[in-house]
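What follows is the residue order along each chain.
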Amino acid sequence: MNRSGSILAGGLALILGALAFLGVFGYLAATFDYPKVLDGPADRVLPALLATGAAGRFAWSLYALLPLIWLPAGVGAFEALRSRAEGGMRLALLFASLAAISMMLGLFRWPSIHWELARAWDSAAPAERATIAVLFEGLNRYLGNFIGEFLGELSFSVFFLLSAVAMLRTPAFPRWIGWWGAATAVLGLIGMFRNVTHVVAPVADANNYLLPLWMIGFGVALLRYGRPRESAG
């Protein structure tokens, strides 16, 4: 794939990924009380997870694959912005890759090991349920809070911030796009501490809506400004 093709693929990945994110997020919110359910105990969450059936398991599997969009997005952003900030964009590409891996690790626990825990919970004795609850809570903290949410959100926020700084240094991109990206990144870096303190919870909630909007805006910017700039060059 040539450079302009990489930019096009990155822009499309961001736009389609944001739309898919909104669709799956909305489905899980309606059927699984997501994301509030993430803070619930095993005796409430596991039966609710199993009750979503095959459609719910498929939705979680699809949701877990969506972070793959960071790979073409990282390459596209690198190709569009490296002329003015090559070092920073190489680092941004690495953070985009790390975001894809860490977020997939966190999300895939739901249709895999959590699903099996939910099946075991249904027929387990009280003593066995206590063990399942401890395992469920430990996986949520490690794979969910620390790997998927904290490391994943740190990674894509840094990717956004480095890309925004490069946009501000690239005449082919309007400055307001760069500032929009920087604001989204900073809010993401603040919101990722929601599991440490509830003070930043409103910031995290606002960023849940701002993030897909920025992904679409970033994607359109790559399509509209990156590809013509590459062709002109």
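Worth saying up front: this structure is predicted, and the values here are computed from it rather than measured.

Student: So what about the overall build of the protein chain? Which residues, and what values?
Tutor: Helices and strands together make up the secondary structure of the protein chain, namely 8 helices and 0 strands. When the elements of the protein chain are put in sequence order from the N terminus, they spell out α-α-α-α-α-α-α-α. Since a compact globule built from 233 residues should have a radius of gyration of about 17 Å, the 19 Å found for the protein chain is in line with a globular shape. Here the C-alpha coordinates of the protein chain stretch approximately 70 × 35 × 25 Å along the principal axes. Relative to its 233 residues, the protein chain shows a buried fraction of 47%. Of the contacts formed within the protein chain by residues at least 6 apart in sequence, a portion of 80% connects residues at least 24 apart.

Student: Residues and numbers for the pattern of salt bridges, please.
Tutor: Scanning the entire structure with this criterion turns up 8 salt bridges. Ionic pairing is found between Glu79 and Arg3, a salt bridge with its closest N-O pair at 2.9 Å. You can see Glu79 sitting in helix α4 (residues 70-107) and its partner Arg3 sitting in helix α1 (residues 3-32), a full 76 residues away along the chain. Glu116 is the salt-bridge partner of Arg119, the closest N and O atoms lying 3.5 Å from each other. With Arg119 and Glu116 both in helix α5 (residues 113-123), this residue pair falls 3 residues apart, about one helical turn. Relative accessible area serves as the criterion here: at 48%, Arg119 is assigned to the partly exposed category. Of the residues examined, Glu116 reaches a relative accessible area of 39% and is grouped as partly exposed. Several salt bridges share partner residues, and in doing so they unite Arg3, Glu79 and Arg82 into one network.

What counts and how
Residues numbered from 1 in each chain as written. Predicted model: local features only at pLDDT ≥ 70, side-chain atom pairs only at ≥ 80, totals over all residues. Heavy atoms only, no water. Helix = DSSP H or I, 4+ residues; strand = E, 2+ residues; numbered from the N terminus. Rg over C-alpha atoms; globule rule 2.2 N^0.38 Å. Buried < 20%, exposed > 50% of the residue type's maximum accessible area, 1.4 Å probe, protein only. Contact = heavy atoms within 4.5 Å. Salt bridge = Lys/Arg side-chain N within 4 Å of Asp/Glu carboxyl O.

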